[in-house]
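Report on the structure
Residues per chain, in single letters:
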Amino acid sequence: MSNINQQSILELVYYPQSENKLRQQSQEIERFDASVNKLSSAMLETMEEHQGIGLAAPQVGVLNRLFVMKIPEFEHLPKVFVNPKIIEKTDELMEFEEGCLSIPEYRAKISRPKFVKIDAFDAKGKPFEVDLEGVPAICAQHEIDHLNGILFIDYLSRLKRMRLKKKMLKEL
Ligand code: ZN
């Protein structure tokens, strides 16, 4: 059993070593075959292995518009989002200390809209719409950013970001 689990743990793409991979624009998934289901299950396992609450396909080297999310206390929400689109968001912002599995051991407070409505497909290609509020809304926006090559550190000041990158490069 544990053997099977280990086989589906995917390798993560890290910043800053593989920044170019994290900066790509991901493509929509057009065919909902078994590979979509397989990828999302493996991503959920990989995310849990690393104790994350969200993971986007580019973070495992796949440039497709798919992310997974599983947050304690919000497990009733969908866990797989394919071709997600934010169709509504409110002006009200929420500040949250974000982290990213691709940028280990770094956290920073970022402000984003507190409510979003998302339109997406599940792993089998069934469309759904979901209203997210608070941490799930923040997490989904962070993951959708990944699909557009945007990292949460892009919301920091340029100076802060440069300092961080320099420090991380030094520690490699
Ligand atoms: Zn991230």
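In case you missed it, the structure is sitting above this.
Below you will find a few notes about this structure. Values in this document were obtained by computation on a predicted structure and should not be read as measured data.

Distances from the zinc ion to its protein donors, Cys100 (SG), His142 (NE2) and His146 (NE2), fall at 2.1 to 2.3 Å. Taken in sequence order, the residues that donate to the zinc ion follow the motif C-x41-H-x3-H. Residue Cys100 is found in strand 4 (residues 93–100), and its partner His146 is found in helix 4 (residues 135–147); the two are separated by 46 residues along the sequence. Assigned by exposure class, Cys100 and His146 land together as buried.

The subject of this paragraph is the environment of Glu171. On the secondary structure map, Glu171 appears in helix 5 (residues 158–171). Sequence-wise, Glu171 and Gly134 are 37 residues apart; in three dimensions their C-alpha atoms are separated by 34 Å.

This brings us to the sheet that holds strand 3 (residues 80–89). Ordered by their spatial adjacency, 5 strands build an open sheet running 1-2-3-6-7, and the pairing between neighbours is antiparallel. Each of the sheet's edge strands pairs with one partner strand only, and the pair in question is strand 1 (54–56) and strand 7 (127–133). Across the sheet, the axes of successive neighbouring strands diverge by a mean angle of 40°, strand direction being ignored. Across the sheet, helix 3 (residues 34–49) lies against strand 1, strand 2 (66–69) and strand 3, angled at about 45° from strand 2, the strand it touches most. Of the strands in this sheet, strand 1, strand 2, strand 3, strand 6 (115–121) and strand 7 are in contact with helix 4, which crosses strand 2 at around 155°.

Examined bridge by bridge, strand 4 and strand 5 (residues 103–113) share 7 bridges and lie antiparallel to one another. Residue pairing across strands places Met94 opposite Arg112, the latter belonging to strand 5. Counting the residues between successive antiparallel strands, the hairpin from strand 4 to strand 5 contains 2 residues.

Under the definition given, this model contains 13 salt bridges. For the salt bridge of Lys85 with Glu28, the shortest nitrogen-to-oxygen distance reads 3.1 Å. With Lys85 in strand 3 and Glu28 in the loop between helix 2 (19–22) and helix 3, the pair connects residues that are 57 residues apart, well separated along the chain. Among the charged side chains, a network of salt bridges with common partners joins Glu19, Arg23, Asp154 and Lys165.

The next subject is the packing of aromatic side chains. Counting across every chain of the model gives 4 aromatic pairs. Here Phe67 and Phe81 contribute two aromatic rings whose centre-to-centre distance is 4.5 Å and whose plane-to-plane angle is 5°, an arrangement assigned as stacked. With a gap of 14 residues between them, Phe67 in strand 2 and Phe81 in strand 3 connect regions that are remote in the sequence. Seen in terms of ring centroids, Phe81 and Phe128 are 5.4 Å apart; in terms of plane orientation they differ by 70°. Their pairing is edge-to-face. Residue Phe81 is located in strand 3, and its partner Phe128 is located in strand 7; the two are separated by 47 residues in the primary sequence. Pair check on accessibility: Phe81 and Phe128 agree, each one buried. Aromatic rings pair up to connect Phe67, Phe81 and Phe128 into one cluster.

How each quantity is defined
Residues numbered from 1 in each chain as written. Predicted model: local features only at pLDDT ≥ 70, side-chain atom pairs only at ≥ 80, totals over all residues. Heavy atoms only, no water. Donors = N, O, S within 2.8 Å, 3.2 Å for Na, K, Ca; no water. Helix = DSSP H or I, 4+ residues; strand = E, 2+ residues; numbered from the N terminus. Buried < 20%, exposed > 50% of the residue type's maximum accessible area, 1.4 Å probe, protein only. Pairing = 2+ DSSP bridges. Axes fitted to C-alpha atoms, helices over the stretch in contact; angles between N-to-C directions. Contact = heavy atoms within 4.5 Å. Salt bridge = Lys/Arg side-chain N within 4 Å of Asp/Glu carboxyl O. Phe/Tyr/Trp six-rings, centres within 6.5 Å; stacked < 30°, edge-to-face > 60°.

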